[in-house]
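Understanding the architecture of this molecule
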Amino acid sequence: MRIEQLLRKSEKAISGVIANSDWQKTMNPLGFTAAELQKGLTLRNELQLLSVAQQQEYGEQYSATDALRRAKRDAWKVYKHHLQVARLAVGDNRGQYKALQLDGAREDSLLKWVKQAQTFYANAQAITAQLKTYGIKVEDLNEGEAMIEAVYQAYDHRDKERDEALQSTQVRKQKEAELTRWMRRYTRALHFAFENRPEVLKELGLKVKEEA
């Protein structure tokens, strides 16, 4: 049963009995007292709140993912330019080339990509004079380094939001399972109590076998 159906079905079946004192009296001997009915309604309401919270958490995760993409896109524009200029500035100096990790492609893994960029900016401080002749100032390097740090922070935030979204799903599923078990017992009790009053079952939103 979909969660929307469970919420609708449980609300109708529980609230209907709570609102009718005669039906309550019929259900009392079966263990579904006013307190037990309130427990079921509380479970239903808690599940609804958890479902809303889950959607909120996933919305925040999607926003954090988009922010991470933008941060990397913006940082890459600056970092890529600095890489290109640095390759010209160091020329054939293999030591500097290696220190700045100018050779080869950039890493696919985001964390490795960030580490690669951090290494570049840390070691670029040693060749500021060479870079300056190509128009790259220390302030430009600091800006690029800050943008790489922003990518790392965005990655960290995205991971936090993803974990919270997963946690919200687990909590919601646990509450859904709890309400499902309660409703299974309750539905059986309703069918037993109102076996000869199908109109009541219909009013409570339960299926009734049609007579042949």
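For the structure given in this document, a descriptive report is provided here. Keep in mind that what you see is a predicted model, and the values were worked out from it rather than measured. Position labels on residues start from 1 in each chain and follow its written sequence. Only residues with pLDDT of 70 or above have their local features reported here, since the model is predicted, and side-chain atom pairs are shown and tallied only from 80 upward, although totals for entire chains, interfaces and linings are computed over all residues. Where side-chain values are given, they derive from all heavy atoms of the structure, hydrogens and water being excluded.

**Brief notes about the environment of E161**
Here a strand is any run of E in DSSP of at least two residues, a helix any run of H or I of at least four, and the numbering for each starts at the N terminus. Here E161 is to be found in helix α7 (residues 138-193). Sequence spacing of E161 and S63 is 98 residues, and the spatial spacing of their C-alpha atoms is 9.2 Å. We call two residues in contact when some of their heavy atoms are within 4.5 Å. Setting aside chain neighbours within four positions, we find E161 in contact with E57, E60, Q61 and A64.

**Quick word on the packing of helix α5 (residues 110-124) against α7**
Lines fitted to C-alpha atoms define the axes here, with helix axes fitted over just the stretch in contact, and angles between the N-to-C directions of these axes take values from 0 to 180 degrees. Contact geometry for α5 and α7: axes closest at 10 Å, N-to-C directions at 155°. Classified by the angle between their axes, α5 and α7 sit roughly antiparallel to one another. Judged by the twist between their axes, the crossing of α5 over α7 is left-handed. Facing α5, whose interface residues are L110, L111, W113, V114, A117, Q118, Y121 and A124, α7 presents L141, G144, E145, I148, E149, V151, Y152 and Y155. Among the residues forming the contact of α5 with α7, the class breakdown is 12 nonpolar, 2 polar and 2 charged. These descriptions rest on fixed angle ranges, namely under 35 degrees for roughly parallel, over 145 for roughly antiparallel, 65 to 115 for roughly perpendicular, and the rest for oblique. By definition, any crossing whose near helix is turned counterclockwise from its far helix by less than a right angle is left-handed, and any crossing with a clockwise turn is right-handed. For this classification, the nonpolar set comprises Ala, Val, Leu, Ile, Met, Phe, Trp, Tyr, Cys and Pro, the charged set comprises Asp, Glu, Lys and Arg, and every other residue, Gly included, is treated as polar.

**Points about α5**
Given the number of residues in a helix, its expected span is that number minus one, multiplied by 1.5 Å. In this model, α5 (15 residues) spans 21 Å end to end at C-alpha, consistent with the 21 Å of a helix rising 1.5 Å per residue. Of the surrounding elements, those touching the buried residues of α5 are α3 (34-90), α6 (128-132) and α7.

**Focus on the packing of aromatic side chains**
Note on aromatic contacts: the rings of Phe and Tyr and the six-membered ring of Trp form a pair at centre separations within 6.5 Å, being stacked when their planes are under 30 degrees apart, edge-to-face when over 60 apart, and tilted otherwise. Under the criterion given, the structure shown has 11 aromatic pairs. Aromatic pair W76 and Y79: ring centres 5.6 Å apart, planes at 75°, arrangement edge-to-face. Of the two residues, W76 and Y79 are both situated in helix α3; the distance of 3 residues between them amounts to about one turn of the helix. Three exposure classes are used, based on accessible area relative to the maximum for each residue type with a 1.4 Å probe and protein chains only: buried under 20%, partly exposed in between, and exposed over 50%. Overall, the relative accessible area of 30% leaves W76 in the partly exposed class. Taking the relative accessible area as the measure of exposure, Y79 reaches 0% and is therefore buried. Between W182 and Y186, the aromatic rings sit 4.9 Å apart at their centres with planes inclined by 35°, giving tilted as the arrangement. Of this pair, W182 and Y186 are both found in helix α7, 4 residues apart, which corresponds to roughly one turn of the helix. Here Y186 falls in the buried class, since its relative accessible area comes to 0%.

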